[in-house]
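# A structural walkthrough
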Amino acid sequence: MTKIDDDLDLSEEDRKVLVRSLRKLEHMEQYIFNTVYLKRIYGDVLLSDF
């Protein structure tokens, strides 16, 4: 979360998506990221930040 807050290149919309995605996962013990899905939905830039 600190890295998201410190990243000046992220738009406000991208920041909200990343924070929302991380908040959904914070109570899970493990999670497998479907990077193909994330790339298709959010694009290369957001995926590399995520």
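Note that the coordinates shown come from a computational prediction; the quantities given were computed from them, not determined experimentally.

### A short note on the overall build of the protein
Scanning the protein from terminus to terminus reveals four helices and zero strands. The N-to-C order of helical and strand elements in the protein reads α-α-α-α. Residues classed as buried in the protein amount to 18% of the 50 residues present. Pairs at least 24 apart in sequence give 40% of the contacts found in the protein among residues at least 6 apart. As presented, the protein carries roughly 4,500 Å² of accessible surface, and 50% of it is formed by carbon and sulfur atoms.

### Focus: the confidence of the model for the protein
The predicted model of the protein averages 76 in pLDDT, with 80% of residues at 70 or higher. By mean pLDDT, the top-scoring element of the protein is helix α2 (residues 12-25) (84), and the lowest-scoring one is helix α4 (residues 44-49) (70).

Quick notes on the rules
Residues numbered from 1 in each chain as written. Predicted model: local features only at pLDDT ≥ 70, side-chain atom pairs only at ≥ 80, totals over all residues. Heavy atoms only, no water. Helix = DSSP H or I, 4+ residues; strand = E, 2+ residues; numbered from the N terminus. Buried < 20%, exposed > 50% of the residue type's maximum accessible area, 1.4 Å probe, protein only. Contact = heavy atoms within 4.5 Å. Areas by Shrake-Rupley, 256 points an atom, 1.4 Å probe, with all protein chains shown as cover. pLDDT = per-residue confidence, 0-100.

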